[in-house]
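Next come the chains, spelled out residue by residue.
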Amino acid sequence: MTVFYGPEQAGIHHERFGRLAGRAADLLLRELASAGLATGTVVDLGCGSGILARRMTDAGYDVLGVDVSAAMLEIAQQQAPNARFVQAPLLDTELPTAVAITATGEALNYLVDSRTGGPAFDVLARRVAEAVVPGGVFLFDVSVHGRSGPDGVRVQFHDAPDWSVGVRETEDATTVTREIATFRREADGRYARVDERHVLHLYDPDWLVDTLDAAGFDAVVRAEYGEEGLLEGWIVVVARRR
């Protein structure tokens, strides 16, 4: 189970679970408009299939998208041809001067990189503060305690005509582990199975706000990007550079 968002998962995620990135783009556009930042660079860390990148390039912004999944980036390049994409760990990305830096879809939670967690976020927040212009935005969402429900276990199934996905999610004091089984119909009618294991570090919301404040941001915690609420144990943070 060494794959992380391989072709099967990447395609399904884009097809079925892209609404979050669209809602994040809506909020980001409103935040940038309120700051009078109509042009500039947006860096999308953990850019996935390029949905937010496409919205931002369509609005006239330059976009740099970063992701560790080659399969995600292949879709992203097709979806947002005017954006630039780099395959790299988000913690290693050189951040250009930007009006906004985003990390949606729990990108900052994933333990793809062993450094993920408190110290790494502290360093990243300071690097983002150095890159973002005054009034610019650091927008992200993260999983927090309670992500897997009151019992710490959540089981979900998602189905479509050509695929099915089963997810068993378990939570302990510091992490959430997702065991994901994907079944995709092949040309001969049989189903191929691919297994992935995703481990996420959980953050404390108050600690995030304090860390962002120390880095030079005024941060607001929200329960959603738009009108549609997020799942239990999932928050949105809008941080504006002082």
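Predicted model, so just to flag it, every value in this text is computed and none were measured.

Asks: Tell me about the pairing of strand β2 (residues 62-67), and name the residues and values.
Replies: Burial of β2 is extensive: five of the six residues sit out of reach of the surface. Relative to β2, strand β1 (residues 41-45) runs parallel, the two being bridged by five bridges. Note that in β2 the partner of D44 across the bridge is G65. Handedness of the crossover joining β1 and β2 through helix α3 (residues 51-58): right-handed. In this sheet, strand β3 (residues 84-87) lies alongside β2 in parallel orientation, the contact comprising four bridges. Bridge pairing in β3 places L64 opposite R84. Viewed along the sheet, the connection from β2 through helix α4 (residues 70-79) into β3 turns out right-handed.

Asks: So what's going on with the packing of aromatic side chains? Which residues, and what values?
Replies: This model, assessed by the stated rule, comprises seven aromatic pairs. Relative to F140, the ring of F138 lies with its centre 4.8 Å away and its plane at 45 degrees, an arrangement referred to as tilted. Across this residue pair, the class does not change: F138 and F140 are buried. Following the ring pairs from residue to residue traces out a cluster consisting of F121, F138, F140, Y203, W207 and F217.

The rules behind each value
- Residues numbered from 1 in each chain as written.
- Predicted model: local features only at pLDDT ≥ 70, side-chain atom pairs only at ≥ 80, totals over all residues.
- Heavy atoms only, no water.
- Buried < 20%, exposed > 50% of the residue type's maximum accessible area, 1.4 Å probe, protein only.
- Helix = DSSP H or I, 4+ residues; strand = E, 2+ residues; numbered from the N terminus.
- Pairing = 2+ DSSP bridges.
- Right-handed = clockwise from strand over helix to strand, strands pointing away.
- Phe/Tyr/Trp six-rings, centres within 6.5 Å; stacked < 30°, edge-to-face > 60°.

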